[in-house]
Amino acid sequence: MESSSKEPSSEADQPEEEHPVKSDSSSQPIKISRLLRTEFDAKYQIVNLQTPLNAFMSGHYKQSFAFHTLRSRLPVVLTNVIDTLTRDKTELVAQFASNEFAQAAREELKIIIGLISRLKYELQTDKPFHNFTGEEPDRELWNNFISHLPDGERSFYRASSLHAECYLHRKLQSFLENSIFLKSYDFFAKVKEHALTDNMDDVLALTKYTRRSENSLEVFDELLRINMWSNCNDVASDTEIVKQTNRQVLENVAAPDEHVLVNQAAEIWRCLDNQKPKKQKQVDFILDNAGYELFSDFILAEFMIEKGLATKVRFHVKAHPWFVTDVTERDFKWTLEYLSQHADYIISLIGKKFLQFLDEGKFELAPISHFWTSPHAFYSMPHTDPELYSSLQSSKLVVFKGELNYRKLLQDVCWDTTQEMSTCLRGFLPSNICVLRRVKSEVISGLAEGVGQALSRQDPRWMVSGSYGVIQFVDGSREFGY
Ligand SMILES: O=P(O)(O)OC[C@H]1O[C@](O)(CO)[C@@H](O)[C@@H]1O
């Protein structure tokens, strides 16, 4: 989803270009953008700064990844959706409408393309968020949220980027929800399917590697690292590292990995492997991306079940397509079916085993909650979705996968990198918490003193490249008496 095929058409469409010029005082090239505000910056009051410490991530700060996302990445996502709809028009009409209604479906498709173009224009011109006025099941939640945003934080570049990104993806989905013919269409279904089918070598390698694993902390630690590195769907295609890293982990799992900035595997192991036998030990996975990442989630969950670390793993999926590659119920089931029917015997066997786990209640799909596709940071869960919060309280460990979950845990704030994670959670601690995430934005906490500074000197893009990761743990036991 990262490549664009459209030419920018207006000033607001122009990507940020940085033209190297010679400064007067030295022969060093400097960037014009450092000297001049662009028309865009002036119009939308963008400041040429990094995100200040303790501020929300926002497109307001030009030197932030949030700005890059709003200015360059999200318009491309929308352009690609429009391109796909235009390209697949005939196929879609045939799939979703009978002959009798083909013309009406074509008209509707045109309207949807128009709505997406309008959303893109609103994004590029920092327009305010609009209420939801259709049949969205979570309409009230969203409208309530929008109405409580302070005046100056209700548009794309003024809002926190968490809110802006969530709003954009929610609006995109609402165009389908409110359609007649395309209600059940998923703009990103094919992208998600390819995220698995294009990576079957990795699926097979991981399957073979994890058969007959020992029940030990070392193996568990490896699996956590493999799983954390699998969180790569969203990382820009400039990072060849992404593909390689997982292979490296598979090939040389014993090697110390200085790209894992925090590794609390031992604490997670202790939390699950406490000697006291328990009748029920449930682990919850708050899933992120479909494809190879979801497969690697199944592998980690399988290990937990088979080694007695959990009696049940409950998977939380998104209520509807979300952030391009997030797992929905359909993706979850499609993945299991695809694996179980695969021509490769080993893959089909593992697919069938996972289906059996589902039958036996060792794997479970959690009830669908709109909280995961809301704009809310997780600390608000006890108030906005008390039922979900209390269901997580019965879990031994809640595993949060990926970047967006991490940002929601930390409220999308640019914390001091050494801030304790438990502080950043702002009281959100339904149970023990584990996060497995590649670092893709400036939101991070829990690093040792000096690590952030050293990385910034060595690699200024360390926070956004996706080539560093964290395996973090927050102990919820004291509070809840586990
Ligand atoms: O799939 P993940 O790990 O949640 O990553 C997606 C997120 O990462 C980003 O690319 C950077 O924060 C966001 O735009 C998006 O929220």
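Residues numbered from 1 in each chain as written. Predicted model: local features only at pLDDT ≥ 70, side-chain atom pairs only at ≥ 80, totals over all residues.

## Concerning the overall build of the protein
- Scanning the protein for helices and strands turns up 21 helices and nine strands.
- Here the protein, with 482 residues, has 43% of them falling under the buried criterion.
- When contacts within the protein are restricted to residue pairs at least 6 apart in sequence, those whose partners lie at least 24 apart make up 77%. (Helix = DSSP H or I, 4+ residues; strand = E, 2+ residues; numbered from the N terminus. Buried ≥ 20, exposed ≤ 12 C-beta atoms within 10 Å, placed from the backbone. Contact = placed C-beta atoms within 7 Å.)

## Structural notes on helix α9 (residues 200-210)
- Regarding α9, the residues found buried are Asp202, Val203 and Leu206. Along α9, the residues classed as buried sweep out an arc of 105° about the axis, all on the same side.
- Immediately beyond the C-terminal end of α9, within one or two residues, lies Arg212, with a positive phi of roughly 55°. (Arc of directions from axis to C-beta.)

## Notes on the domain arrangement of the protein
- On domain assignment, one finds that the protein holds domain 1 (11-185) and domain 2 (191-480).
- Listed by partner, the interface residues are 22 residues for domain 1 and 20 residues for domain 2.
- Those elements giving two or more residues to the side of domain 1 that touches domain 2 turn out to be α3 (65-87), α6 (139-147) and α7 (161-177).
- Element by element, the count of residues in the side of domain 1 that touches domain 2 is highest for α7, at eight residues.
- Classifying every residue of the side of domain 1 that touches domain 2 by side-chain character gives 12 nonpolar, eight polar and two charged. (Domains from an automatic or database assignment. Nonpolar A, V, L, I, M, F, W, Y, C, P; charged D, E, K, R; others polar.)

## Structural notes on the environment of Arg71
- Within the element layout of this structure, Arg71 appears in helix α3.
- By C-beta crowding, Arg71 is classed as buried, having 22 other C-beta atoms within 10 Å.
- Considering only alpha carbons, one finds Arg71 and Thr125, 54 residues apart in sequence, at a separation of 10.0 Å.

## Some remarks on the pairing of strand β7 (residues 397-401)
- Across the five residues of β7, five count as buried, placing the element largely inside the fold.
- Neither face of β7 is open: one carries Leu397, Val399 and Lys401, the other Val398 and Phe400, and all of them are buried.
- Judged from the four bridges that link them, strand β4 (residues 282-286) and β7 form a sheet pairing that is parallel. For Ile286, the partnering residue across the bridge sits in β7 and is Phe400.
- Relative to strand β8 (residues 432-438), β7 runs parallel, the two being bridged by five bridges. Counterpart to Val398 in the pairing with β8 is Ile433. (Pairing = 2+ DSSP bridges.)

## Comments concerning the sheet that holds strand β3 (residues 260-263)
- On the basis of which strands lie adjacent, the open sheet formed by seven strands has the order β3-β9-β8-β7-β4-β5-β6 and mixed pairing. Each edge of the open sheet is held by one strand with a lone partner, namely β3 and β6 (363-365). Between one strand axis and the next, the sheet turns through 20° on average, direction left out of account.
- Those strands touched by helix α12 (residues 265-272) are β3, β7, β8 and β9 (469-474), and its axis lies near 40° from that of β9.
- Each of β4, β7 and β8 is contacted by helix α18 (residues 402-409), which is oriented at about 130° to β8, the strand it contacts most. (Axes fitted to C-alpha atoms, helices over the stretch in contact; angles between N-to-C directions.)

## Structural notes on unusual backbone geometry
- In this structure, Gln45 is a non-glycine residue whose phi angle is positive, near 55°.
- Here Gln45 is to be found in the loop between α2 (39-44) and α3.
- Classification of Gln45 by C-beta neighbours within 10 Å gives exposed; the count is 12.
- The phi dihedral of Asp126 is positive, around 50°, even though this residue is not glycine.
- With respect to the helices, strands and loops of the structure, Asp126 is situated in the loop between α5 (102-124) and α6.

## Considerations on the packing of helix α10 (residues 217-229) against helix α13 (residues 292-306)
- Taken N-terminus to C-terminus, the directions of α10 and α13 make an angle of 160°; their axes are 9 Å apart at the nearest point. Looking at the two axes, α10 sits roughly antiparallel to α13. Handedness of the α10/α13 crossing: left-handed. Of the residues in α13, those in contact with Phe220, Leu223, Ile226 and Asn227 of α10 are Ser296, Asp297, Ile299, Leu300 and Phe303.
- Of the residues contributing to the contact of α10 with α13, the split by class is six nonpolar, two polar and one charged. (Parallel < 35°, antiparallel > 145°, perpendicular 65-115°, else oblique. Left-handed = near helix turned anticlockwise from the far one by under 90°.)

## Side note on the packing of helix α4 (residues 89-96) against α5
- The N-to-C vectors of α4 and α5 enclose an angle of 125°; their axes lie 9 Å apart at closest approach. Between α4 and α5, the angle is such that the two are oblique. Handedness of the crossing formed by α4 with α5: right-handed. Residues Lys89, Leu92, Val93 and Phe96 of α4 form the contact with α5, whose own contacting residues are Ala102, Ala105, Arg106 and Leu109.
- Of the residues in the contact of α4 with α5, the class split is six nonpolar, no polar and two charged.

## Considering the pairing of strand β5 (residues 312-316)
- For β5, a buried count of five out of five residues is recorded, marking the element as mostly surrounded by other parts of the structure.
- Burial along β5 is two-sided: the face carrying Lys312, Arg314 and His316 and the face carrying Val313 and Phe315 are both buried.
- Pairing of β4 with β5, which is carried by five bridges, proceeds in the parallel orientation. If you follow Phe285 over to β5, its bridge partner there is Phe315.
- Two elements, β5 and β6, share three bridges in a ladder whose sense is parallel. Its bridge partner being in β6, Val313 is matched across the sheet by Phe363.

## Quick notes on the environment of Leu409
- Mapped onto the elements, Leu409 comes out in helix α18.
- Judged by local crowding, Leu409 falls into the buried class, with 25 C-beta atoms found within 10 Å.
- Aside from chain neighbours lying at most four places away, what touches Leu409 is Phe378, Phe400, Leu425, Phe428 and Val435.

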